[in-house]
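As a plain string of letters, each chain reads:
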Amino acid sequence: MTSSDLDLLGPLPAGRLVIDASAGTGKTYSLSALVVRHVAERGLSASALLLVTFTRAAAAELRDRTRRALVEALDAMDAGTAPAGFEWMEVLLHGAPHEMAERRQNLSDAVSTFDDATITTIHGFCQQALRQLGMSSGASMDSELSDTTTELIEEVCRDLVVQHLHESPDILDWAAEISPSDVLRDLKDTVRVVTGNPGATTVPSVDGPHRDLLHSDPRLDSWVHLVKDAVRIVGERRRARQEMGYDDLVTGLHRAVHDEHSGCGAVATLRGRYQLVLVDEFQDTDPLQWETFATIFDGDLITVGDPKQAIYRFRGADVQAYLRATVGQPTVHLGTNFRSDPALVAATNALVCGVRLGDERIVASPVKAPGGAPASALNAGLPLSIRRLPTDARLLGAKGRLSVPLAKRSVMVDLISVVIDLLRHRTIDTGRGPQPVGPGDIAVLVPSNSLADEVMNAFSRAHIPAVRARTGSVLETSATDHWDLLLAALERPSHAPTVRAAGLGLFFRRTAQQLDPLAVDADQQIAVLQQQCATWADDLGRRPFLAWCDQIRTESKLATALLATPHGERDLTDLDHVAELLAGELGGRG
């Protein structure tokens, strides 16, 4: 279906709507504008709003931006004029006096009760919905939400492999080069995929499609039964422990709204509460999630996403699920990219426009740059370039094939030369006039953590300041180990081995030679650290935790020492983050 650009000043969209939003096209801005207009013009209460997105961080941003837009709109009603950057609010400022008064009151009520709005992740919504439905959902109300699925799958798979090998040592002997550890690894990967994609159909399966294939190979038959047993046992152990995984929330709500006895009542309860539903990052929803939303909501349902990203299966995206949900539906397009200058937008359009991605119905569409933007932020050079490693005999290995290590080294050298050229010879205009390009203006994207480490090391050798952005939990970083060592030493300052281990950490930064037990002054060195640990332990018992952290930061000269090292800024940030988590657990106490 042909789409037009979303007009925030036009008639208020009603019913089912698909918003095609590429990166940088003002998606959150547009969503918050639609919410404000629905609240002001239709009189929707905050409790009638459901805004769902993919991550907690995105939900937090969406909540903040939506509340700010409501406040801005209320201020605009009082001032009688729309603020710069919010021209769409002009539509609220025209009408009969009683209409204007109603709109202002609607906005005021929404601001004062904004915490009643549901702005959360898909799993967060499923959890809230199951709680609202209570016992009628069929879900266990005593179950605790747990993120231990990986550990549980590993435990179950290991038990099953050991059990099968004990009962019949040859049952998993598929080939001479395949060991039991290989089988265990593949089993864990398969079970993780099956349990992480609720509603997916496994092929072949014991009682599903292509089950006749199982009789063609006894090994395939044993493998399929093994996977089925593992998935079943994972569910049984989770229920026995009264635990609920994130995917259980989705399957639980799906089951509740499709139950032949109570499903209609569950749908009516949820449909009666929410009168405006917006699903952000819609391309990341899976078939079961969409089927659940489509069953519950039949009114004002707006889905927002980038169909070009629906090809990313590793993020849980499903191209067919996206197409089934959007093809044939009223569709609008966010057509202006606010993050890039006109030259880069034009170059990108030339490269990707018209390209079909994953399906002939998903075609990259053009975007434009905002009016008034400088033609190019960089003072010289092409806005977009693709660098290709040339064929060179010096990059070939012993068998005449491209040597990956040699090729990677060449790419790294080229990357460093490009960055140095940017830093030495280019300027950039971000709205404050031309300024020399700084390290903070440059981003390097890599496909893996190991490659990120290599890039950081290369930048360090070239004396280019860089900070590595990290995904995942800070509790998985070395900062947690350093805090663990320090707190263990504070707990047992008389135990020399523990204090010696802490002495090698970031808080004390002693060398192995300084703390060598065989050194002449070994006793004196460790005694100094033990005294410091005992003093800090006493201080911790008397002061709030974060105040104590500031004290040891100062006394250990931690910031000065770390910021002088290549990765010190990241290390310091991680240490502070862990400290905040510890303070939260302690409730501010020492």
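Higher on the page you've got the structure.
The structure presented is a predicted model; accordingly, all values stated were derived computationally and were not measured.

## Focus: the overall build of the chain
Reasoning step 1: Along the chain, the regular secondary structure elements total 20 helices and 11 strands.
Reasoning step 2: Burial status across the chain gives 38% buried among its 590 residues.
Reasoning step 3: Partitioning the intrachain contacts of the chain with sequence separation of at least 6 by distance along the chain shows that 70% fall at a separation of at least 24.
Reasoning step 4: Counting only carbon and sulfur atoms, one obtains 53% of the accessible surface of the chain, whose full area is about 32,400 Å².

## Describing the nonpolar core
Reasoning step 1: In terms of nonpolar packing, the biggest core is built from 40 residues, with Ile19, Val36, Leu49, Leu70, Leu107 and Ile302 touching the most fellow members.
Reasoning step 2: Every element with two or more residues in this core is listed here: β2 (17–21), α1 (27–42), β3 (49–53), α2 (56–79), α3 (97–112), β7 (276–279), β8 (300–305) and β9 (331–334).
Reasoning step 3: Discounting residues that sit within four places of it in the chain, Leu49 has contacts with Val35, Val39, Leu44, Ala117, Thr118, Tyr274 and Leu276.

## With respect to the packing of helix α15 (residues 478–491) against helix α18 (residues 545–555)
Reasoning step 1: Packing of α15 against α18 leaves a shortest axis separation of 15 Å and a crossing angle of 100°. If you check the angle between α15 and α18, you find them roughly perpendicular. Contact residues: α15 offers Trp483, Leu486 and Leu490, while α18 offers Phe545, Trp548, Cys549 and Ile552.
Reasoning step 2: Residues that form the contact of α15 with α18 fall into these classes: seven nonpolar, no polar and no charged.

## Comments concerning the packing of aromatic side chains
The way to describe two aromatic rings as a pair is by their centre distance and the angle between their planes.
Reasoning step 1: According to the stated counting rule, one finds 13 aromatic pairs in the structure shown.
Reasoning step 2: An angle of 35° between the planes, with centres 6.0 Å apart, marks the rings of Phe293 and Phe297 as tilted.
Reasoning step 3: Exposure remark for Phe293: the relative accessible area of 3% places this residue in the buried category.
Reasoning step 4: Considering the side-chain rings of Phe508 and Trp536, the 5.3 Å spacing of their centres and the 15° angle between planes classify their relative orientation as stacked. Here Phe508, found in the loop between α16 (496–503) and α17 (522–542), pairs with Trp536, found in helix α17; they are 28 residues apart in sequence, far enough to count as distant.
Reasoning step 5: Judged by relative accessible area, Phe508 falls into the buried class, the value being 8%.
Reasoning step 6: Put simply, the rings of Phe125, Tyr274, Phe293 and Phe297 pair up and form one aromatic cluster.

## Considering the pairing of β7
Reasoning step 1: The side-chain alternation of β7 yields two buried faces, one formed by Leu276 and Leu278 and the other by Val277 and Val279.
Reasoning step 2: Alignment of β3 against β7, held across four bridges, turns out to be parallel. If you follow Leu49 over to β7, its bridge partner there is Leu276.
Reasoning step 3: Following the backbone out of β7, through helix α10 (residues 287–296) and into the adjacent parallel β8, one traces a crossover that is right-handed.

## Quick word on unusual backbone geometry
Reasoning step 1: Although it is not a glycine, Glu281 sits at a positive phi angle of roughly 50°.
Reasoning step 2: For Glu281, the position within the fold is in the loop between β7 and α10.
Reasoning step 3: In this structure, Arg509 takes a positive phi of about 60° despite not being glycine.
Reasoning step 4: Mapping Arg509 onto the fold places it in the loop between α16 and α17.
Reasoning step 5: On the basis of relative accessibility, which here comes to 31%, the residue Arg509 falls in the partly exposed class.

## Some details on the pairing of β2
Reasoning step 1: The buried count for β2 comes to five of five residues, which makes it a mostly enclosed element.
Reasoning step 2: Judged by which residues are buried, β2 turns out to be covered on both faces: Leu17, Ile19 and Ala21 on one side and Val18 and Asp20 on the other are all buried.
Reasoning step 3: Where β2 meets β9, four bridges bridge the pair, whose relative direction is parallel. Across the sheet, residue Val18 finds its bridge partner in β9, namely Thr331.

## Some points on α3
Reasoning step 1: With 16 residues, α3 extends 23 Å from end C-alpha to end C-alpha; this agrees with the ideal 22 Å at 1.5 Å per step.
Reasoning step 2: Taken as a whole, α3 has its buried residues at Arg103, Asn106, Leu107, Ala110 and Val111. What you see down the axis of α3 is that its buried residues fit within an arc of 130°, all on one side. Opposite the buried face of α3, at more than 90 degrees from it, the exposed residues are Pro97, His98 and Ser112.
Reasoning step 3: Where the residues of α3 are buried, they touch α1 and α2.

## Some details on the sheet that holds β7
Reasoning step 1: In spatial order, the strands read β1-β9-β2-β8-β7-β3-β4; together these seven strands make up an open sheet with parallel pairing. Of all strands in the sheet, those bounded by a partner on one side alone are β1 (4–5) and β4 (118–121).
Reasoning step 2: In this sheet, β4 lies alongside β3 in parallel orientation, the contact comprising four bridges. Along β4, the bridge assignment pairs Leu51 with Ile119.
Reasoning step 3: Each of β3 and β4 is contacted by helix α4 (residues 122–133), which is oriented at about 120° to β4, the strand it contacts most.

## Describing the environment of Lys408
Reasoning step 1: Residue placement: Lys408 occurs in helix α13 (residues 404–425).
Reasoning step 2: Separated by 13 residues in sequence, Lys408 and Leu395 place their C-alpha atoms 9.8 Å apart.
Reasoning step 3: With near-sequence residues (within four places) excluded, Lys408 lies in contact with Leu451 and Glu454.

## Quick look at the pattern of salt bridges
Reasoning step 1: Overall, the coordinates contain 26 salt bridges when judged by the stated rule.
Reasoning step 2: In this structure, Asp189 and Arg192 form a salt bridge, with 3.1 Å as the shortest nitrogen-oxygen distance. Linking Asp189 with Arg192, this pair stays in helix α6 (residues 180–195), spanning three residues, or about one helical turn.
Reasoning step 3: The class for Arg192 is partly exposed, based on a relative accessible area of 33%.
Reasoning step 4: A salt bridge links Glu454 to Lys408, with the shortest nitrogen-to-oxygen separation between them at 3.6 Å. Here Glu454, found in helix α14 (residues 449–461), pairs with Lys408, found in helix α13; they are 46 residues apart in sequence, far enough to count as distant.
Reasoning step 5: Judged by its relative accessible area of 37%, Lys408 falls in the partly exposed class.
Reasoning step 6: Salt bridges sharing partners connect three or more residues here, namely Glu155, Asp159, Arg237 and Arg241.

## Re α16
Reasoning step 1: Taken together, the buried positions of α16 are Thr498, Val499, Ala502 and Gly503. Down the axis of α16, the buried set is contained in an arc of 140°. They therefore lie on one face.

## Regarding the packing of α15 against α16
Reasoning step 1: Packing of α15 against α16 brings their axes to within 8 Å, and their N-to-C directions diverge by 145°. Handedness of the α15/α16 crossing: left-handed. Note on element contacts: α16 touches α15 through Thr498, Val499, Ala501 and Ala502, opposite Leu485, Leu486, Ala488 and Ala489.
Reasoning step 2: Grouping the constituent residues of the contact of α15 with α16 by class yields seven nonpolar, one polar and no charged.

Each value, and the rule that gives it
Residues numbered from 1 in each chain as written. Predicted model: local features only at pLDDT ≥ 70, side-chain atom pairs only at ≥ 80, totals over all residues. Heavy atoms only, no water. Helix = DSSP H or I, 4+ residues; strand = E, 2+ residues; numbered from the N terminus. Buried < 20%, exposed > 50% of the residue type's maximum accessible area, 1.4 Å probe, protein only. Contact = heavy atoms within 4.5 Å. Areas by Shrake-Rupley, 256 points an atom, 1.4 Å probe, with all protein chains shown as cover. Core = buried A, V, L, I, M, F, W, Y, C linked by side-chain atoms within 4.5 Å. Axes fitted to C-alpha atoms, helices over the stretch in contact; angles between N-to-C directions. Parallel < 35°, antiparallel > 145°, perpendicular 65-115°, else oblique. Nonpolar A, V, L, I, M, F, W, Y, C, P; charged D, E, K, R; others polar. Phe/Tyr/Trp six-rings, centres within 6.5 Å; stacked < 30°, edge-to-face > 60°. Pairing = 2+ DSSP bridges. Right-handed = clockwise from strand over helix to strand, strands pointing away. Expected span 1.5 Å × (residues − 1). Arc of directions from axis to C-beta. Salt bridge = Lys/Arg side-chain N within 4 Å of Asp/Glu carboxyl O. Left-handed = near helix turned anticlockwise from the far one by under 90°.

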